[in-house]
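Residue-level structural notes
Here are the chains, one letter per residue:
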Amino acid sequence: MSHDGEILWKALHSYLHRPRLNKLLAEAMHSQVLVVCADTGYGKTYALHDFLQHYDAVITWIQLTESDNNSAHFWENFTHAISIYSKETAVRLMEEGFPATNSDFEKYLHIPEKDVAVGRKYAFVYDDFHLIHDKAVLRFIERCVSSHFLNITTVLITHVEPSINLIRLQAKGMVANITESDLRFTENEVAEYLRQQDVMVSPQDLAAVCHETEGWAFAVDLISRVLKNKPDDVRHACAAMKLNIFKLLELEVFFNVAEPLRHLLIRLSLPDHLPSDLVRLIADDPGSLPELMSIGSYLRYDPFIDAYLFHHLFLEYLRQKQDMLTQEEKNDTYLIAARWYEEHDYKIDAISCYEKSGHFHAIIRIAYDMPTQIPAVTSEFLLSIIDKMPAEQRAGIVFLPAVHLRLLLGLRRIDEAAAFARQYLAHFESLPVTAFNDRALTGIYTAIAFTRYLAAPVTDIYDFDIYFRKADEHYTRHPFTISGPTTNQSIGPCVSMVGTERKEAHEEFISALARSIPFTAHYMGGRMTGLDDLARGEFHFFQNDLPGAERYVTQALVMSREYNQYVTRGRALFYLIRIGLAQGDYVRIERHIRELETLVAELNYINGHARFDLITSWYHLAIGQPQVVPDWLKVDFEEGDLPKFVEGSTNLAKVKYYYVTRRYHPLLAFISGNIRLKKLLFVRVTLKAMEAACHYQVKDRVAALTALREAYKMSLSNRIIMPFVELGKDMRTLTIAAMRDRNTGIPRAWLQLINRKSATYAKRLQLVIAAYKKAHQLGDKVALTPRETEVLADLCQGLSRSEIAIAHNLSINTVKLVVNALYTKLDAGNMTDLIRIAVEKKLIP
């Protein structure tokens, strides 16, 4: 906190500002946003802190520093603040990571929703907000202040006007402001404060003090300290105050305490964050804590965050004194802080302090233990440290090469990773056999294996098993405990990493997986077990061989349970649910969903809640229940930071959502522009089939048949038909149209096959839909909003969309969205269907 001016208040029940300022704050807390804006020394932080201690609300105080311009650091800071009142929510937020995209933010809003009780007041305080300039962090806070939780007030304590967009809220009168004029001391308040400090001045001197300080809290306090020593020299006190604030701090604060305490204060200025336990460790003397508090509010304890906080100007002064410490003292302090931060899961702070103390091996150990998919901003931060690492230190850290390569792979810098891998390999293979070298080579070969695995969709080479075998050989020669993640994490929307249409490629990929698993399972604690069966089951599924798919996927499920491969288990359940849809087996689907619910509770099921949302959303969209889909999957297509599996799988779920809700044009724009997803054959066929169906729905028959022909050609060599079949009645209609056209370039036998399979799928899907509606007592009743009812009535009267827009003072896009919602709710294929169903269901007068 820049705790400007908190020195003015010595006891909670005697603050001079309370009657006047607290009334302003109480009124301001009814707003959605409170901006407390004033320059240094006006008592912003302490005034608000005192007020909130007596205010009936759940307070989350986020103390910001320059380090919070790293979104990973900000997220650790934010979630630790949340943990004070909800540890469960904080753990979930850390698991999901910083919400960098619209989808991520929608997901974030629903995580703490259960903690926000109706009728309870909440306040999120961002102190020192002016220090933040990172666009991602600013955007997150901007979204937060505009969220729909009306019982939450966001407080921004800042030196300057907030650099986020508050115009809409200001126009609605939902932003309150506390300014410098509100925070200035009045003449009566200055007089009362001086009396409390046993400083007596004449009315003329009081006027002089008020004139010179202009009610600036920090200056009033410093003048009172000078006047205690020279009570009759107000002119000198004012001049000294104006001459040099730092010199006054030195004379009146720093040199008024014993030398050991001065030394401790300088040490405490080294770490960015001072939790109370860490202060005790650095002090190494419980008796020194009361002495620390003797300097007044230049250092104070904040119970909201259980930490000690320097006054912003005093901290700046102390940092200028850090040269008084020896390098050994600095390193020792940073090391104490780093170990405490690491123990309490402040990873970014720990890494920063370890770097400053020169303990690079500890940084690599932290990185090695991180989940496989590390946020991009954290990866960049770690890579910057590795780049600056002294050569003599690099040579002695066994897992440095593995971590370095993994960070590059996570950032998709595959060519760079491959180049470094060759360098590391050449170096360590030339050295004698030692335990150190074997451990390093285990990591290097593992990274190379994953590099080859990730590159397979482009290279069409499936030799990653060779490098897993070499890694296992070095591990076997000198075994060690691998402390990193051992559960397999899928890195894309498909198990298969095949991009080519070449017929033999899938078998080559699956065989390479099968050859890899004995090695990975041996030296990585069961990792990848069951993945070969899952890949084979996936291949059979896309070929619409449901018995074969079910056999292999079930085998993968059994193996993943045995070896705790949670992500493989979740993906197996996803395919079993899709198989159940194709078989019309509602009971089996519900059983799989129940197992999926229990799986989410497993701590090692990385991003389990997001994966659960993705899988169940696919199911609910298939049965025509888009309203059940979480809001974070309803926002626009986007590319995110973490994790990469979510990016591909999320966008595929959105493809299905856009299609089911008839948002065909933006869906077509996404399909035509996306390149990354199209690297995988199964996804490429799925998107092309969807593109054909979209074109047909918007009456572009030529484009629909062209896309269908392209999809057919992509799918032919591997007999992929499930992406067509899962489009059900829409694909049935499209194939009928294609069979009427003799110039499609698509064999009639193939069209007949797809027509028949999609028709069967549609019939069996109706069985699941009927069972779902019965189980959830939905019936056939359709609930329309008042606006949907109005638009439906106008459509039945023959009005066009533009006429409806004019009649109801709506935008044409709003009308289109309402019409699409009507199509979805009534399961209508065209306007004639829509009106017929509306009449049958008596939805219009």
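Everything quoted here is computed from the prediction, not taken from an experiment.

The number of helices and strands found in the protein is 43 helices and 7 strands. Counting the 845 residues in the protein, one finds 58% classified as buried. For the protein, the proportion of contacts with a sequence separation of at least 24, taken over those separated by at least 6, is 71%. Counting every atom, the protein has about 35600 Å² of accessible surface; 53% of that belongs to carbon and sulfur.

This part covers the pairing of strand E2 (residues 58–63). The buried count for E2 comes to 6 of 6 residues, which makes it a mostly enclosed element. Taking every second residue as pointing to the same face, both faces of E2 are buried, with Val58, Thr60 and Ile62 on one and Ile59, Trp61 and Gln63 on the other. Direction of pairing for E2 relative to strand E3 (residues 122–127): parallel, over a ladder of 6 bridges. By the bridge assignment, threonine 60 is partnered in E3 with phenylalanine 124.

Formed by 219 residues in total, the largest nonpolar core has its most connected members in Leu34, Phe509, Tyr619 and Leu708. Beyond its immediate stretch of four places on either side in the chain, phenylalanine 509 contacts Tyr453, Tyr462, Phe464, Val495, Ser496, Met497, Val498 and Ala535. Of all hydrophobic cores here, the second largest spans 36 residues; its members include Val58, Ala81, Phe105 and Phe129.

This next bit is on the confidence of the model for the protein. Taken over all residues, the pLDDT of the protein has a mean of 85, while the share at 70 or more is 90%. Note that residues 1–17 has pLDDT below 50 and, in this model, 88 contacts with residues that lie over four places away or in other chains. Low pLDDT (under 50) marks residues 640–646, which in the prediction has 24 contacts with non-local residues, meaning those over four places away or in another chain.

This brings us to the sheet that holds E3. Across the sheet, which stays open at both edges, the 5 strands sit in the order E2-E3-E4-E1-E5 with parallel pairing between neighbours. In this open sheet, the two edge strands, each paired with only one partner strand, are E2 and strand E5 (175–178). Pairwise comparison of adjacent strand axes, ignoring direction, gives a mean angle of 15° for this sheet. Here 6 bridges tie E3 to strand E4 (residues 152–158), and the two strands are oriented parallel to one another. The residue bridging aspartate 127 from the neighbouring strand is isoleucine 157, located in E4. Against the sheet, helix H3 (residues 71–83) touches E2 and E3, its axis set at about 155° to E2. The sheet contacts of helix H6 (residues 135–145) involve strand E1 (33–37), E3 and E4, and relative to E3 the element is tilted by about 155°.

With that settled, consider the packing of helix H27 (residues 505–523) against helix H28 (residues 531–542). At a minimum axis separation of 8 Å, H27 and H28 run at an interaxial angle of 165°. Considering the angle they form, H27 stands roughly antiparallel to H28. As for the relative orientation of H27 and H28, their crossing is left-handed in sense. On H28, the residues that touch His506, Glu507, Phe509, Ile510, Leu513, Ala514 and Ile517 of H27 are Leu531, Asp532, Ala535, Arg536 and Phe539. Considering only residue class, the contact of H27 with H28 consists of 8 nonpolar, 1 polar and 3 charged.

When the terminal C-alpha atoms of helix H18 (residues 327–343) are compared, their 24 Å separation across 17 residues agrees well with the 24 Å that a helix rising 1.5 Å per residue should span. Where H18 is buried, its residues contact helix H14 (259–268), helix H15 (276–283) and helix H19 (347–357). Just downstream of H18, aspartate 345 is the residue with a positive phi angle, here 70°.

The next thing to look at is the environment of alanine 100. Summarising the element assignment, alanine 100 is placed in the loop between helix H4 (87–96) and helix H5 (102–110). The class of alanine 100 is partly exposed, set by a relative accessible area of 37%. With 36 residues separating them in the primary sequence, alanine 100 and alanine 136 have C-alpha atoms 6.4 Å apart.

Next up on the list: the pattern of salt bridges. As enumerated under the stated definition, the model contains 30 salt bridges in all. With a closest N to O distance of 3.6 Å, aspartate 272 and arginine 319 form a salt bridge. Of the two residues, aspartate 272 sits in the loop between H14 and H15 while arginine 319 sits in helix H17 (residues 312–319), which places them 47 residues apart along the sequence. We classify arginine 319 as partly exposed; its relative accessible area is 38%. The partner of glutamate 342 in a salt bridge is arginine 365, and the shortest N-O contact between them spans 2.3 Å. Here the residue glutamate 342 occupies a position in helix H18, and arginine 365 occupies one in helix H20 (residues 360–369), the gap between them amounting to 23 residues.

Take helix H9 (residues 187–196) next. Of all the positions in H9, only Glu189, Val190, Ala191, Tyr193 and Leu194 are classed as buried. Just past H9, the residue aspartate 198 takes up positive phi, approximately 60°.

Before going further, it helps to examine the pairing of strand E6 (residues 299–302). Pairing analysis gives 4 bridges linking E6 to strand E7 (residues 307–310), with the strands arranged antiparallel. Bridging from a neighbouring strand, tyrosine 301 pairs with tyrosine 308 of E7. The hairpin turn running from E6 into E7, its antiparallel successor, is 4 residues long, and aspartate 306 in that turn takes a positive phi close to 50°.

On to the environment of leucine 687, then. On the secondary structure map, leucine 687 appears in helix H35 (residues 681–697). Classification of leucine 687 as buried rests on a relative accessible area of 1%. On a C-alpha basis, the gap between leucine 687 and phenylalanine 670 in space is 9.8 Å, while along the polypeptide they are 17 residues apart.

Its location among the elements puts glutamate 473 in helix H26 (residues 464–477). Assessed through its relative accessible area of 41%, glutamate 473 is described here as partly exposed. Distance in space between the C-alpha atoms of glutamate 473 and phenylalanine 519 is 8.6 Å, their sequence separation being 46 residues.

What follows deals with the packing of aromatic side chains. Summed over all chains, the structure comprises 45 aromatic pairs. Taking 6.3 Å as the distance between ring centres and 80° as the angle between the ring planes, the aromatic pair formed by tyrosine 619 and tyrosine 772 counts as edge-to-face. Of this pair, tyrosine 619 sits in helix H32 (residues 608–622) while tyrosine 772 sits in helix H39 (residues 748–775), and the two are 153 residues apart along the sequence. Taking the relative accessible area as the measure of exposure, tyrosine 772 reaches 6% and is therefore buried. An aromatic cluster of three or more residues is present, and its members are Phe74, Trp75, Phe78, Phe98, Phe105, Tyr108, Phe124 and Phe140. Taking the ring centre of tyrosine 552 as reference, the NZ or CZ of arginine 536 above it sits at 5.9 Å.

A few words on the side chain of histidine 80. Within the secondary structure, histidine 80 is located in helix H3. When near neighbours in sequence (up to four residues on either side) are disregarded, histidine 80 contacts His344, Asp345 and Tyr346.

It is the contact of helix H34 (residues 664–673) with H35, at a shortest axis distance of 10 Å, that shows an interaxial angle of 145°. Here H34 and H35 pass one another in a crossing that is left-handed. On the side of H34, the interface is formed by Tyr664, Leu667, Leu668 and Ile671, while H35 contributes Leu687, Met690, Glu691, Cys694, His695 and Gln697. By residue class, the composition of the contact of H34 with H35 is 7 nonpolar, 2 polar and 1 charged.

Rules behind the numbers
Residues numbered from 1 in each chain as written. Predicted model: local features only at pLDDT ≥ 70, side-chain atom pairs only at ≥ 80, totals over all residues. Heavy atoms only, no water. Helix = DSSP H or I, 4+ residues; strand = E, 2+ residues; numbered from the N terminus. Buried < 20%, exposed > 50% of the residue type's maximum accessible area, 1.4 Å probe, protein only. Contact = heavy atoms within 4.5 Å. Areas by Shrake-Rupley, 256 points an atom, 1.4 Å probe, with all protein chains shown as cover. Pairing = 2+ DSSP bridges. Core = buried A, V, L, I, M, F, W, Y, C linked by side-chain atoms within 4.5 Å. pLDDT = per-residue confidence, 0-100. Axes fitted to C-alpha atoms, helices over the stretch in contact; angles between N-to-C directions. Parallel < 35°, antiparallel > 145°, perpendicular 65-115°, else oblique. Left-handed = near helix turned anticlockwise from the far one by under 90°. Nonpolar A, V, L, I, M, F, W, Y, C, P; charged D, E, K, R; others polar. Expected span 1.5 Å × (residues − 1). Salt bridge = Lys/Arg side-chain N within 4 Å of Asp/Glu carboxyl O. Phe/Tyr/Trp six-rings, centres within 6.5 Å; stacked < 30°, edge-to-face > 60°. Lys NZ or Arg CZ within 6 Å of the ring centre and 35° of its normal.

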